[in-house]
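Now for the letters of each chain:
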There are 2 protein chains.
Amino acid sequence: MSASMTDMDICEQGEPDWLDVWRVLEPAFRAGESYPLPRDVSEEDAKRYWIKTDGFNAVARDHNGAVLGVYYLRPDQGGPGDHICNAGYVIAEAARGRGLATALCLQSQDQARAMGFRGMKFNLVVSTNEAAVKAWKKAGMEIIGTVPGAFCHPARGFVDAYIMFRAL
Amino acid sequence: MSASMTDMDICEQGEPDWLDVWRVLEPAFRAGESYPLPRDVSEEDAKRYWIKTDGFNAVARDHNGAVLGVYYLRPDQGGPGDHICNAGYVIAEAARGRGLATALCLQSQDQARAMGFRGMKFNLVVSTNEAAVKAWKKAGMEIIGTVPGAFCHPARGFVDAYIMFRAL
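Report on the accompanying structure. Just so it is clear, the model here is predicted, and its values are computed rather than measured.

**Here we look at the relation of the copies chain A and chain B**
The two copies are related by a screw motion: chain A maps onto chain B through a turn of 180 degrees and a shift of 0.0 Å along the axis, at an RMSD of 0.0 Å. Accordingly, the operation relating the two chain copies is best matched by a two-fold axis. Minimal C-alpha distance to the rotation axis in chain A is attained by glycine 145 of chain A, lying at 2.2 Å.

**Observations regarding the interface of chain A and chain B**
The interface of chain A with chain B comprises 28 residues on the first partner and 28 residues on the second. Carbon and sulfur atoms supply 68% of the area buried between chain A and chain B, which totals about 2000 Å² over both sides. If you look at where chain A meets chain B, you find 0 salt bridges. Our count for the contact surface shared by chain A and chain B stands at 5 residue pairs in polar contact (both at pLDDT 80 or more). Looking at the side of chain A that touches chain B, the elements with two or more residues in it are strand 5 (119-126), strand 6 (142-153) and strand 7 (157-167) of chain A. Here the side of chain A that touches chain B gets 9 residues from one element, more than from any other, and that element is strand 6 of chain A. Of the residues assigned to the side of chain A that touches chain B, the class counts are 16 nonpolar, 10 polar and 2 charged.

**What about the environment of cysteine 152 of chain A?**
Note on placement: cysteine 152 of chain A falls in strand 6. Expressed as a C-alpha distance, the spacing of cysteine 152 of chain A and alanine 31 of chain A, which sit 121 residues apart in the sequence, is 12 Å. With residues up to four places along the chain from it excluded, the contact list for cysteine 152 of chain A reads Gly157 and Phe158 of chain A together with Pro80 and His83 of chain B.

**Points about the pairing of strand 6 (residues 142-153) of chain B**
Residue and element names in this part refer to chain B. Of the strand pairs in this sheet, strand 6 and strand 7 (residues 157-167) are connected by 8 bridges, and their pairing is antiparallel. Among the inter-strand pairings, histidine 153 is bridged to a residue of strand 7, identified as glycine 157. Remark: 3 residues form the turn of the hairpin made by strand 6 and strand 7, two consecutive strands paired antiparallel.

**Details of the packing of helix 3 (residues 100-114) of chain B against helix 4 (residues 130-138) of chain B**
Residues and elements named next belong to chain B. At their nearest, the axes of helix 3 and helix 4 sit 8 Å apart, and the two run at 45 degrees to each other. Looking at the two axes, helix 3 sits oblique to helix 4. For helix 3 against helix 4, the interelement crossing comes out right-handed. Where helix 3 abuts helix 4, its residues Ala101, Thr102 and Cys105 lie against Ala135, Trp136 and Lys138. Of the residues in the contact of helix 3 with helix 4, the class split is 4 nonpolar, 1 polar and 1 charged.

**Brief notes about the state of the cysteines**
Counted under the stated rule, the structure contains 0 disulfides over all chains. Free of any disulfide, cysteine 105 of chain A has its nearest neighbouring cysteine sulfur in cysteine 85 of chain A, separated by 9.2 Å. Among the residues examined, cysteine 105 of chain A registers a relative accessible area of 0% and is labelled buried. In this structure cysteine 11 of chain B is not part of a disulfide, and its nearest cysteine sulfur, from cysteine 105 of chain B, lies 19 Å away.

**Quick word on the side chain of glutamine 13 of chain B**
Tracing the chain through its elements places glutamine 13 of chain B in the loop between strand 1 (9-12) and helix 1 (18-31). The class of glutamine 13 of chain B is buried, set by a relative accessible area of 11%.

**Describing the pattern of salt bridges**
Applying the stated criterion across every chain, the model contains 18 salt bridges over all chains. Notably, a salt bridge pairs aspartate 17 of chain B with arginine 61 of chain B, separated by 2.8 Å at the nearest N-O pair. With aspartate 17 of chain B in the loop between strand 1 and helix 1 and arginine 61 of chain B in strand 2 (residues 56-61), this pair connects stretches of sequence that are 44 residues apart. Given the relative accessible area of 19%, arginine 61 of chain B is considered buried. Here arginine 61 of chain B ties to aspartate 20 of chain B by a salt bridge, and the two come within 3.0 Å at their closest N and O atoms. A residue pair is termed long-range when its members are at least 10 positions apart, and arginine 61 of chain B in strand 2 and aspartate 20 of chain B in helix 1 qualify at 41 residues. Through salt bridges with shared partners, a single network forms among Asp17, Asp20, Arg23 and Arg61 of chain A.

**So, the packing of aromatic side chains**
Residue and element names in this part refer to chain A. Taken as a whole and judged by the stated rule, the model has 26 aromatic pairs over all chains. When the ring of tryptophan 18 is compared with that of tryptophan 22, the centres are 6.0 Å apart and the planes differ by 15 degrees; the resulting orientation is stacked. Taken together, the residues tryptophan 18 and tryptophan 22, both in helix 1 (residues 18-31) and 4 residues apart, mark about one turn of the helix. Overall, tryptophan 18 belongs to the buried group, its relative accessible area being 5%.

Reading the values: rules and limits
Residues numbered from 1 in each chain as written. Chains lettered and ligands numbered in written order. Predicted model: local features only at pLDDT ≥ 70, side-chain atom pairs only at ≥ 80, totals over all residues. Heavy atoms only, no water. Least-squares fit on C-alpha atoms with pLDDT ≥ 70 in both. Contact = heavy atoms within 4.5 Å. Buried area = accessible area lost by both parts, 1.4 Å probe. Salt bridge = Lys/Arg side-chain N within 4 Å of Asp/Glu carboxyl O. Polar contact = N/O pair within 3.5 Å; in protein donor to acceptor, adjacent residues only side chain to side chain. Helix = DSSP H or I, 4+ residues; strand = E, 2+ residues; numbered from the N terminus. Nonpolar A, V, L, I, M, F, W, Y, C, P; charged D, E, K, R; others polar. Pairing = 2+ DSSP bridges. Axes fitted to C-alpha atoms, helices over the stretch in contact; angles between N-to-C directions. Parallel < 35°, antiparallel > 145°, perpendicular 65-115°, else oblique. Left-handed = near helix turned anticlockwise from the far one by under 90°. Disulfide = S-S within 2.5 Å. Buried < 20%, exposed > 50% of the residue type's maximum accessible area, 1.4 Å probe, protein only. Phe/Tyr/Trp six-rings, centres within 6.5 Å; stacked < 30°, edge-to-face > 60°.

The following block contains the structure:
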């Protein structure tokens, strides 16, 4: 089964969305297999990480209003580096395996283009997170570098992380 | 002429050092050729960028107390990524061309090892900054990736940036 934009409504995240968003983020952060946050991160710190004043946040919901996935988009660097964006995604556990990550990534690239970004960069794609690597490649992201042992995986120890990039 | 540790005293930066540090940082930030900060960055914002609560800052002075160079060292990522450090350096204009960047980078690697870091990563080495690239290579840093057009150079427009890494 493959996902398309018509399977989900993607809207800018507002303050009232937070609890729904947190319900999707929390299990991913607690698993500790993909994001550079302590597994016991507080809701407050997670919110501060996910939502930045210079960023854009989105929520994808199905037609019943259930959250399928979320993303953030923000400048990867400041000043002369602020034309490249960084982004992060979490797909709700119940919605995985349907190609939503690729669809959400592609939609976020449109959003980034509309915001004037010229490229999208991921700084820490955990190499053991094979489904994610595959999804980002399908969305046109390429591995441009590997950081040896950059991520301490709860089961596998120090594993490599990829840096991925796509010109927009 | 090549520099050695004996040519400079490197100490942890304290609050009273800030004005001397800023005098070295300001011309580098105003030039806009190496750091991802707006060229007109305020002193306050520059200080917030340079000094982080989870970071380490150092000042290298000559035997007369003049600042030769400065650096910051901090976790590149949080949680399961916090064993890799990021660092940034500025050499005082009057002290350039003497190998101090390499010496300071090597000393910062010792500092990073002492702090428990397992690797050092630079995220945005502007490709046109050839002296810097050469200095970091001499200090054992290797280019592990190139981000196309990641930096908007004031004279050359969009230029590539390197990601550099060294295991510690």
